[in-house]
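Below are the chains, spelled out letter by letter.
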Amino acid sequence: MPTTRSQRATAAVAAGAAATMLAPAFVAPTKLNVVTSAPAPVASAAPTSTVGASASVVGAGAAALAAAATVRPSKRCAKKEKVVRMATATEVDVDTECINAIRFLAVDAVNKANSGHPGAPMGQAPIGYLLFAEEMQYNPEDPKWVNRDRFVLSSGHGCMLQYSLLHLAGYKSVSIDDIKQFRQWGSKTPGHPENFETEGIEVTTGPLGMGISNAVGLAAAEAHLAAVYNKPGMELIDHYTYTIAGDGCMQEGISHEACAYAGHLGLGKLIAFYDDNGITIDGHTDLSFTEDVGKRFEGYGWQVLEVPEGNTDVDAIRKAIKEAKACTDKPTLIKVKTTIGFGSPNKADSHDAHGAPLGADEAEATRKQLGWNYGEFEVPEQVYDTFSKHAKAGAEKQAAWEKMWKEYQEKEPELAAQFKRAVVDRKLPENWDEALPKVTPEDKGKATRLHSQDCLNAIANVLPEFMGGSADLAPSNMTLMKCTGDFLKDSYAERNMRFGIREFGMGAVANALSLDKTGMIPYCATFTIFTDYMRGAIRIAALSQAGTIFVTTHDSIAVGEDGPTHQPIETIPSLRLIPDLTVMRPADGNETAGAYKYAVERSKNESRPTMMAFSRQAVSNLPNSSIENTLKGAYAVIECADPELILIGTGSEVGLCVDAAEKLDKKVRVVSMPSCEVFREQPESYKSKLLPADVPKMSVEAACTAGWGEFADAFVGIDVFGASAPGGTCLDKFGFNVDNVVSCAERCLSGEKGALSNGSQGKN
């Protein structure tokens, strides 16, 4: 993309002053009147393509940036030495001015907040500048434009980089006053990027590695939608996903899972910048992290490029981006060597610049070092003009896209109608839920995972935006869609995603499909117990308002022979603790259909997540179960007027409660509670009528008893680990049989409270 890079001459008074003031702290060479960068770091052994070492390093764009650059010593250096090469006369061009504006907005905001991470934005500023002032297509007036480029700051602690870029680019969500309120109550500039707080933020990042994994999902969404909708000369979906990740992201295991998957898929429009600054909180990364990241990514199937001098060689970064875009069958990792806290005389290239403010004195010294003659939060007008010009070009691109979209509707009316509903308007078709299966008590019972399979395939036939897969458990989770093929490198239009054994990465990718805001309804599947592997992604889904449907099966000790490693005990109760996550544990076919209706509508209409837990073993279809009753969260399966006892069950234990009620010589109401969260949302009048306070209540669930005190007086559950045996045997030995439930019910009627059966009998 052509860029105007006009230059203006400036005196080097500040640079000279800095040289005089800081001379004792540095070793400066003599007779040097050209600014150069710090010495190149030790060469990587990876056979990666190196972009840089060009004349531009000492050109106008690099001159002021390199003034007083702090050198990171080789790992072999016994003594750390800082070297500054000062210029006697320099020119500051637009590149330099824009990059330094980003740096000092970050420095000033972190200083004012007395909290934050200034070092990463100071090192990443050249990358951010090129993306937002030259490369990316976006329109600040319409941040949700469907064909915008996506940007993810995976190293989310450096979020002042992103806030500075959004502000300079003209997003109304981040004013200069918002930047001044960084990390303050009620501000639009929280301590890590939050998509639900700040328009222009695509995904919520902070947990390291999550962002680059989300970027894989965003790129997968682009590949799929492009394959489905694009026609010759009418490419409705044609955009890139960019992400900046740091050393911490590369160390987290989730980055391995997602990036290996991205390489397998050959996502050519995914471009990741590795901010290779060699610093984490503990200090230099050679304390714990010495692997060759380039070779690792080449092994994944990525193109790997390297920019040896990312602090100053802006043209090398430009060249790398161009080379990345030229590679269409692989994602690209651009390994950019930067200095954390670049320009700070005393804190650059150290953990001191990582997670604490520079402080007033060091900020002033950094201003002098970089020749920045502006006050706190002051931005030169030409910086705003530069970003504004690019934003205007983005608006023009959107206008051209709108024109193409009009033509598309005329030439491809059927696909256009689908695109408008599913992608643009993000609405469900009328009466879509009529496709969901219904059962009667007379129908033969089966495992709820099989009912889930029926529902999933019914949905797949009517919702082309429904897409997902399993972590190598599709035959067990029953999650394959029969109407479509596998989403692979040469078949992006298909919808069955083969995630492999990568639960955490799978969750992050699925979240991004929803957060792409193109109407996708993503699901991902595994055994209930293995949600532990992706707990971070489930939590972030709830926090960031991602409409992911987490499908899990084998939901209790009835898993059986695989034993306690595979038998969830605390899993479902602990997931209920996550705010804004709805947990559904259906008891039969109708409740499973109701759970899917709830989850799909919550995903599409509210962009909120749902976690579902299905049984391995067969269950009977219940009287009075229905989609409508499921949507109440709890309802009476066996009703009676003026009950003397209420049994509350979930999932496969509801049928056990029905059987036990028949054995009790009392008036018993049996309540199925597929979702505690949905039940809480019901009117108080309904809740108090279903579960009156003056009637003894006992819960029965093959899980920890913790949490049931909210609804019941006494509990039958399991607070110990399971055992390896047939599923029916496990249930019986741990107390999930009619005789034990009846005995506990009688004790509840006599006034006993708390955990009346906690599975400990199975350990004796």
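The shown structure was predicted, so the numbers you read here are calculated from the model rather than taken from an experiment.

(A) Expanded view of the environment of E677. Here E677 lies in helix α23 (residues 676–680). Sequence spacing of E677 and M584 is 93 residues, and the spatial spacing of their C-alpha atoms is 8.6 Å. Those residues within four positions of E677 in sequence are excluded, and the remaining contacts are R576, L581, T582 and V583. For E677, the side chain forms a polar contact with the side chain of S675, separated by 3.2 Å.

(B) Fine view of the sheet that holds strand β17 (residues 582–584). The sheet built from seven strands is open, its strands ordered β13-β14-β12-β15-β16-β18-β17 with parallel pairing. In this open sheet, the two strands that pair with only one neighbour each are β13 (486–487) and β17. Across three bridges, the pairing between β17 and strand β18 (residues 610–614) is parallel. In the strand pairing of β18, T582 is matched with T610.

(C) Geometry of the side chain of N629. Mapping N629 onto the fold places it in helix α21 (residues 627–630). On the basis of relative accessible area, N629 is assigned to the buried category, the value being 11%. A distance of 2.8 Å separates a polar side-chain atom of N629 from the backbone oxygen of N624.

(D) Molecular detail of the packing of helix α4 (residues 119–135) against helix α13 (residues 381–411). Put simply, α4 and α13 touch, their axes get as near as 7 Å, and they point 50 degrees apart. For the element pair α4 / α13, the angle class is oblique. When α4 is examined against α13, the residues Y129, L131, F132, A133, E134 and E135 are found in contact with a partner set consisting of T386, F387 and H390. When the residues that make up the contact of α4 with α13 are grouped by side-chain class, the tally is five nonpolar, two polar and two charged.

(E) Structural detail: the confidence of the model for the protein. Counting all residues, the mean pLDDT for the protein is 90, and 88% of those residues have values of 70 or more. Note that pLDDT drops below 50 for residues 1–47; the model gives that stretch 92 contacts with residues more than four away or on any other chain. Contacts for the low-pLDDT stretch residues 53–90, under 50 throughout, to residues beyond four places or in other chains number 114 contacts.

(F) Spatial organisation of helix α9 (residues 253–265). Helix length check: α9, at 13 residues, gives a terminal C-alpha distance of 19 Å against a target of 18 Å (1.5 Å per residue), a fit within 8%. Those residues of α9 lying buried are I254, S255, E257, A258, C259, A260, Y261, A262, G263 and L265. One or two steps after α9, the chain reaches G266, where phi turns positive at roughly 65 degrees.

(G) The sheet that holds strand β22 (residues 668–672), seen in detail. One open sheet holds the six strands; their spatial order is β20-β22-β21-β23-β24-β25, and the pairing between them is mixed. In this open sheet, the two edge strands, each paired with only one partner strand, are β20 (635–638) and β25 (754–757). Neighbour-to-neighbour, the strand axes of the sheet open up by a mean angle of 30 degrees, direction not taken into account. Bridge count for strand β24 (residues 714–716) against β25 is three bridges, and the pairing is parallel. What sits directly across from V716, in β25, is S757.

(H) Broad picture of unusual backbone geometry. With a phi angle near 60 degrees, D349 is a residue other than glycine that sits in the positive phi range. Note that D349 resides in the loop between β10 (332–337) and α12 (360–370). Residue class for D349 comes out buried when judged on its relative accessible area of 0%. The phi dihedral of H554 falls on the positive side, at around 65 degrees, and the residue is not glycine. Relative to the assigned elements, H554 resides in the loop between β16 (549–553) and α19 (571–575). By relative accessible area, H554 is classed as buried at 5%.

(I) Highlighting the environment of A363. As for its placement among the helices and strands, A363 is situated in helix α12. Accessibility expressed as a relative area gives 5% for A363, which makes it buried. Taking the C-alpha atoms as reference points, A363 and G343, separated by 20 residues in sequence, lie 9.6 Å from one another. Contact partners of A363, with chain neighbours within four places excluded, come to F104, V107, N111 and L358.

Thresholds applied
- Residues numbered from 1 in each chain as written.
- Predicted model: local features only at pLDDT ≥ 70, side-chain atom pairs only at ≥ 80, totals over all residues.
- Heavy atoms only, no water.
- Helix = DSSP H or I, 4+ residues; strand = E, 2+ residues; numbered from the N terminus.
- Contact = heavy atoms within 4.5 Å.
- Polar contact = N/O pair within 3.5 Å; in protein donor to acceptor, adjacent residues only side chain to side chain.
- Pairing = 2+ DSSP bridges.
- Buried < 20%, exposed > 50% of the residue type's maximum accessible area, 1.4 Å probe, protein only.
- Axes fitted to C-alpha atoms, helices over the stretch in contact; angles between N-to-C directions.
- Parallel < 35°, antiparallel > 145°, perpendicular 65-115°, else oblique.
- Nonpolar A, V, L, I, M, F, W, Y, C, P; charged D, E, K, R; others polar.
- pLDDT = per-residue confidence, 0-100.
- Expected span 1.5 Å × (residues − 1).

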